[in-house]
Amino acid sequence: MSRIFAQARFIIGALVLVVVVGAAPVSAQTQTPTQLNPTASSVKEDQLLQQMRIIDGRVSIPDKQSGNLEQPAGRDWREFHQKTLPWIAAIAILGVLAALVIFYLTRGMVKIERGRSGRVVVRFNALERFVHWMTATCFIILALSGLNITFGKSLLAPLIGLDAFAAWSQWAKYAHNYLSFPFTIGVVLILLLWITGNIPDKTDVEWVKRGGGIVGNDHPPARRFNAGQKLIYWIVILGGMASAITGYILMFPFYATGMEGMQTAQSIHGIVAALFIAVMLGHIYIGTIGMEGAFEAMGEGTVDENWARQHHALWLEEEKARTGPNQSQSQAAARAAATPAE
Ligand code: HEM
């Protein structure tokens, strides 16, 4: 009799065990509104994600985010990063490049109409030129190393091979991270150095109405910076700050924000960078082949007086009033004034 009881106890115990063990995954499944068995081999990843909204598990390391395998927001972000952003960047950058080529072929270089006078005025001192070139150099390297993240895998890797691409990308990433610091300092210094000349005023309205001397052949008077330059200045300040803030959020992940914030920061960083690069192409164009006599302002620090009269008549008058009627200097004297003592 006692053997029959013992056997019955064993069978009941085994049944209870089977029910408890079997019920555990069933109750786990019923927490999500799904009829799918997530562990079934025929379940499609897409179906599973659609019904469960998120696929995550438990991890024993401190970083709980590492247990998060998949979530729809991650897919949206990947779609943005792999498709939308490259399209935005390609259209913005190639669009501006094409527009500049067409503009150059139809308008050509804006010449100094009266020719060079042989007298020059100081336009940018050594500190201003140093800050400009430091920021510009960092910008170009940041742009190339950043675009490598957007386009490198699809465009460059097939050309140079995976090993070379990996080595270059590693250096590009170091450059992007470390040059962000002098770039940020440069943007702050640009803000401080040139803000006084870049506050919009009523001469800008007139300048824009008259096409700014670039569209057509009019040369509306401007002070030290015309409306176009002021626009570039504020794009550099705001674009520089936006790329710096979002860039540091990416560089120090999860300190300031969570997963969604990281995705937003990356999206803003990518879009701002693409538009920033496109705008800067226009700036580089006008500073080099687009306008005669412009490059030397940042190269040597001086401009020809006829250039100054044509493009910045009010500034030239202000300079003459400030430094006296004989301020027009020989090239050598002005160059000495624009160069720091050794
Ligand atoms: C203080 C300034 C900046 C910081 C701290 C910074 C930082 C970063 C970081 C951490 C990333 C992500 C890299 C990765 O996914 O491994 C990134 C991506 C990128 N950066 Fe910057 N960056 C800065 C400025 C700039 C500037 C000025 C440009 C453009 C001229 C730029 C262009 C890009 C581009 C195109 C990407 C790739 C976007 C993508 O496809 O995901 N960055 N940046």
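Residues numbered from 1 in each chain as written. Predicted model: local features only at pLDDT ≥ 70, side-chain atom pairs only at ≥ 80, totals over all residues. Heavy atoms only, no water.

Undergrad: Would you take a moment to explain the nonpolar core for this structure?
TA: In a soluble, globular protein the nonpolar side chains are often hidden away together inside. Core analysis: the largest hydrophobic core is formed by 32 residues, its most contacted members being Phe183, Ile190, Trp194, Val303, Trp307 and Ala308. Ignoring anything within four residues of it in the chain, the contact list for Trp194 reads Phe124, Glu128, His132, Arg224, Phe225, Tyr233 and Met298. (Core = buried A, V, L, I, M, F, W, Y, C linked by side-chain atoms within 4.5 Å. Buried < 20%, exposed > 50% of the residue type's maximum accessible area, 1.4 Å probe, protein only. Contact = heavy atoms within 4.5 Å.)

Undergrad: Would you mind going over the packing of aromatic side chains with me for this structure?
TA: Aromatic rings considered in pairs are described by the distance between their centres and by the relative angle of their planes. In total, this model carries 11 aromatic pairs according to the counting rule given. An angle of 85° between the planes, with centres 6.3 Å apart, marks the rings of Tyr104 and Tyr285 as edge-to-face. Of this pair, Tyr104 sits in helix H3 (residues 72-107) while Tyr285 sits in helix H8 (residues 259-287); the two residues are 181 residues apart in sequence, bridging distant segments of the chain. One cation-aromatic arrangement involves Arg123 over Trp315; the distance from NZ or CZ to the ring centre is 4.7 Å. (Phe/Tyr/Trp six-rings, centres within 6.5 Å; stacked < 30°, edge-to-face > 60°. Helix = DSSP H or I, 4+ residues; strand = E, 2+ residues; numbered from the N terminus. Lys NZ or Arg CZ within 6 Å of the ring centre and 35° of its normal.)

Undergrad: Quick question: what am I supposed to make of the environment of Met241 here?
TA: Take Met241: it is sitting in helix H7 (residues 227-251). Discounting residues that sit within four places of it in the chain, Met241 has contacts with Leu191 and Val236.

Undergrad: Is there a simple way to explain helix H5 (residues 162-194) in this structure?
TA: Note on helix geometry: an α-helix contains 3.6 residues per turn, so any two residues three or four positions apart are oriented the same way. With 33 residues, H5 extends 45 Å between its outermost C-alpha atoms, agreeing within 8% with the 48 Å of an ideal straight helix rising 1.5 Å per residue. The largest bend along H5 measures about 35° and falls at Ser180, with the proline Pro182 one to four residues further on. Taken as a whole, H5 has its buried residues at Phe165, Ser169, Ala172, His176, Ser180, Phe183, Gly186, Val187, Ile190, Leu191 and Trp194. Buried residues along H5 sit in contact with helix H4 (126-160), H7, H8 and helix H9 (295-299). (Expected span 1.5 Å × (residues − 1). Bend = angle between axes of the 7 residues up to and from the residue.)

Undergrad: How should I be thinking about the side chain of Gln310 in this particular structure?
TA: Residue placement: Gln310 occurs in helix H10 (residues 305-311). Gln310 sits in the buried class, given a relative accessible area of 9%. At 3.4 Å, the side chain of Gln310 and the side chain of His219 are in polar contact. Every residue in contact with Gln310, bar those within four places of it in the chain, is listed here: Val110, Lys111, Ile112, Glu113 and His219. (Polar contact = N/O pair within 3.5 Å; in protein donor to acceptor, adjacent residues only side chain to side chain.)

Undergrad: Where do I start with a nonpolar patch on the surface in this structure?
TA: A contiguous nonpolar surface patch, about 810 Å² in accessible area, is contributed by Trp171, Tyr174, Tyr178, Phe181, Phe252 and Tyr255. Residue placement: Tyr255 occurs in the loop between H7 and H8. Judged by its relative accessible area of 73%, Tyr255 is exposed. (Patch = residues over 30% accessible without salt bridge, like charges linked within 9 Å, V, L, I, M, F, W, Y side chains within 5 Å. Areas by Shrake-Rupley, 256 points an atom, 1.4 Å probe, with all protein chains shown as cover. Salt bridge = Lys/Arg side-chain N within 4 Å of Asp/Glu carboxyl O.)

Undergrad: What's the story with the coordination of the iron atom of the ligand in this structure? I'm lost.
TA: Around a metal, the idealised angle for a tetrahedral arrangement of four donor atoms is 109.5 degrees; for an octahedral arrangement of six donor atoms it is 90 or 180 degrees. At 2.0 to 2.1 Å from the iron atom of the ligand lie its protein donor atoms, namely His176 (NE2) and His269 (NE2). Around the iron atom of the ligand, the 6 donor atoms are arranged such that angles at the metal cover 83 to 179°; this shape is classified as octahedral. Within this pair, whereas His176 is found in helix H5, its partner His269 is found in helix H8, the two being separated by 93 residues in sequence. By the burial criterion, His176 is buried, and His269 matches it. (Donors = N, O, S within 2.8 Å, 3.2 Å for Na, K, Ca; no water. Tetrahedral: all angles 85-135°; square planar, octahedral: opposite > 155°, others 65-115°.)

Undergrad: Is there a simple way to think about the packing of H7 against H8 in this case?
TA: When two helices pack together, their arrangement is given by the angle between the helix axes and the distance between those axes. Across the interface, H7 lies against H8 with an axial gap of 9 Å and an inter-helix angle of 150°. In this view, H7 runs roughly antiparallel relative to H8, as classed from their interaxial angle. Judged by the twist between their axes, the crossing of H7 over H8 is left-handed. Contacts between H7 and H8 involve Ile232, Ile235, Val236, Gly239, Gly240, Ala242, Ser243, Thr246, Gly247, Ile249 and Leu250 on the former and, on the latter, Met262, Ala265, Gln266, Ile268, His269, Val272, Phe276, Val279, Met280 and His283. (Axes fitted to C-alpha atoms, helices over the stretch in contact; angles between N-to-C directions. Parallel < 35°, antiparallel > 145°, perpendicular 65-115°, else oblique. Left-handed = near helix turned anticlockwise from the far one by under 90°.)

Undergrad: How should I be thinking about unusual backbone geometry in this particular structure?
TA: Across the chain, the bulk of peptide bonds are trans and the bulk of non-glycine residues have phi less than zero. In the Ramachandran plot, Phe254 falls in the positive-phi region, its phi being about 65° despite a non-glycine side chain. Summarising the element assignment, Phe254 is placed in the loop between H7 and H8. For Phe254, a relative accessible area of 39% corresponds to the partly exposed category.

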